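Here is how the chains run, residue by residue.
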Amino acid sequence: MPESSEATITLAGDLHARPAGALSVAAAKFDAAVEVIVGTSQANAKSVLAVMQLGASSGQQVTIRATGPDAGAAVAAIIGILAGATKAGD
Amino acid sequence: MAANVGIVLVSHSVSLAEGTAELAGQVGGAAVTIATAGGTDDGRIGTSIGKIAHAVRLADAGVGVLILPDLGSSVLTVRALLADPDDLPGQVVMADAPFVEGAVAAAVIAAAGGDLKAVLDAAQEARHARKL
């Protein structure tokens with residue numbers, strides 16, 4: 001039975017190219033499948049183009065959902081990046 | 001820390017190659033090596049097999065190099081280089097991908113430590129990514 005994990009954060013800044021890149025680099029290091037969910041849209045966290053296409057902006061809620069052997073660690077790492085990387089505003 | 005796949009951006013224009021490398025490097029972060037081969041040997045619009053070969057050697061860290069061409073004769077010049085691979089590192093492949101999106105997507109997966117196939121797939125999947 002695969003591990004599954006999920007957490008939600010409110011963005012402190014827009015999910016522009018650089019934080020989207022940081023998110024995807026982190027996600028791609030895990031074996032778990034990771035989704036980024038914003039409102040009714042979702043994207044594969046390992047695809048930076050899909051993450052950027054979400055157009056998530058400051059104040060929006062973003063849910064990270066992972067399924068796989070290292071799902072918990074993947075969610076924790078990505079939430080940590082979103083908490084830090086979106087503060088700079090780009 | 002394991003070595004990362006290197007990326008070579010081949011463009012007819014020096015500034016297009018360098019600007020795309022700058023953007024992809026910002027998105028992918030410091031872990032990824034992106035080398036450029038823009039313009040002809042004397043700096044005009046065009047491509048140079050010598051510049052591409054040099055960039056491939058710069059980008060190679062021993063685990064493969066992905067080459068992204070911009071348009072038309074960039075592809076032909078890369079093909080000519082790959083047809084005579086004696087001076088190139090072991091694994092060098094060319095991606096069939098949009099230039100900017102492919103570079104950014106490939107940089108992210110290379111930075112994460114993906115192997116050459118994963119980096120190639122990321123670049124080539126970029127053709128399906130919607131912008132709007």
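Residues numbered from 1 in each chain as written. Chains lettered and ligands numbered in written order. Predicted model: local features only at pLDDT ≥ 70, side-chain atom pairs only at ≥ 80, totals over all residues.

K.L.:
Any details on the overall build of chain A? Residues and values, ideally.
P.N.:
The number of helices and strands found in chain A is three helices and four strands. Sequence-ordered secondary structure for chain A, helices as α and strands as β, is β-α-β-β-α-β-α. The C-alpha atoms of chain A give a radius of gyration of 12 Å, which matches the 12 Å a tight globule of 90 residues would have. Dimensions of chain A along its principal axes, counting C-alpha atoms only, are 40 × 25 × 20 Å. Within chain A, the fraction of its 90 residues that count as buried is 41%. Here the analysis covers contacts within chain A between residues at least 6 apart in sequence; of these, 73% occur between residues at least 24 apart. (Helix = DSSP H or I, 4+ residues; strand = E, 2+ residues; numbered from the N terminus. Rg over C-alpha atoms; globule rule 2.2 N^0.38 Å. Buried ≥ 20, exposed ≤ 12 C-beta atoms within 10 Å, placed from the backbone. Contact = placed C-beta atoms within 7 Å.)

K.L.:
Explain the interface of chain B and chain A to me, and be specific about the residues and the numbers.
P.N.:
Each partner contributes residues to the interface: chain B has 17 residues there, and chain A has 13 residues. If you list the elements that add at least two residues to the side of chain B that touches chain A, you get α1 (14–28) and α4 (99–111) of chain B. No other element matches α4(B), which puts six residues into the side of chain B that touches chain A. Residues belonging to the side of chain B that touches chain A are distributed by class as follows: nine nonpolar, five polar and three charged. (Nonpolar A, V, L, I, M, F, W, Y, C, P; charged D, E, K, R; others polar.)

K.L.:
I'd like a description of the pairing of strand β1 (residues 6–11) of chain B, backed by residues and values.
P.N.:
All names here are of chain B. By the criterion of burial, β1 is predominantly enclosed, with six of the six residues buried. Summarising the sheet, β1 and strand β3 (residues 65–69) pair through five bridges and their orientation is parallel. By the bridge assignment for β3, V8 is matched with I67. Sheet topology places β1 next to strand β2 (residues 34–38); five bridges connect them, and they run parallel. What sits directly across from I7, in β2, is I34. Regarding the hand of the β-α-β motif, the stretch spanning β1, α1 and β2 is right-handed. (Pairing = 2+ DSSP bridges. Right-handed = clockwise from strand over helix to strand, strands pointing away.)

K.L.:
Explain the sheet that holds strand β1 (residues 4–10) of chain A to me, and be specific about the residues and the numbers.
P.N.:
Residues and elements named next belong to chain A. An order of β1-β4-β2-β3 is seen for the four strands of this open sheet, with the pairing classed as antiparallel. At either end of the open sheet lies a strand with only one pairing partner, and these are β1 and β3 (41–44). Strand-to-strand twist of the sheet, defined as the mean angle between neighbouring strand axes without regard to direction, takes the value 20°. Across four bridges, strand β2 (residues 33–38) lies against β3 in antiparallel orientation. By the bridge assignment for β3, E35 is matched with N44. (Axes fitted to C-alpha atoms, helices over the stretch in contact; angles between N-to-C directions.)

K.L.:
Describe the sheet that holds strand β4 (residues 92–94) of chain B, listing the residues and the values that go with them.
P.N.:
Residues and elements named next belong to chain B. Reading across the sheet, the four strands line up as β2-β1-β3-β4 and stay open at both edges, with parallel pairing between neighbours. Looking at strand neighbours, the two that pair on one side only are β2 and β4, the edges of this open sheet. Taking the axes of each pair of neighbouring strands and ignoring which way they run, one obtains an average angle of 20° across the sheet. Inspection of the sheet shows β3 paired to β4 by three bridges, in the parallel sense. Within β4, the residue paired with L66 across the bridge is V93. Contacting β3 and β4, helix α5 (residues 116–125) runs over the sheet at an angle of about 20° to β3.

K.L.:
With reference to specific residues and values, describe the nonpolar core.
P.N.:
Note that soluble globular proteins tend to have their nonpolar side chains buried in a common cluster. Residues and elements named next belong to chain B. Within the largest apolar cluster, 72 residues are counted, with the highest numbers of intra-cluster contacts made by I7, V8, L68, A106, A107 and V108. In terms of residue count, α4 provides more of this core than any other element does, ten residues in total. Those residues in contact with V8, other than ones at most four positions away along the chain, are A35, A37, I52, A55, V56, A59, V65 and I67. (Core = buried A, V, L, I, M, F, W, Y, C linked by C-beta atoms within 7 Å.)

K.L.:
Any details on the environment of B:V75? Residues and values, ideally.
P.N.:
Turning to its location among the elements, B:V75 is positioned in helix α3 (residues 73–82). Along the backbone, B:V75 and B:G19 are 56 residues apart, and their C-alpha atoms lie at a distance of 19 Å.

K.L.:
Before we move on, can you summarise the packing of α4(B) against α5(B) with the specific residues and values?
P.N.:
Residues and elements named next belong to chain B. Two elements in contact, α4 and α5, have axes separated by 7 Å at closest approach and are oriented at 150°. Classified by the angle between their axes, α4 and α5 sit roughly antiparallel to one another. Where α4 crosses over α5, the handedness of that crossing is right-handed. Contact residues: G102, A105, A106, V108, I109 and A110 in α4; A118, V119, A122, A123 and E125 in α5. Along the lines of polarity and charge, the residues of the contact of α4 with α5 split into nine nonpolar, one polar and one charged. (Parallel < 35°, antiparallel > 145°, perpendicular 65-115°, else oblique. Left-handed = near helix turned anticlockwise from the far one by under 90°.)

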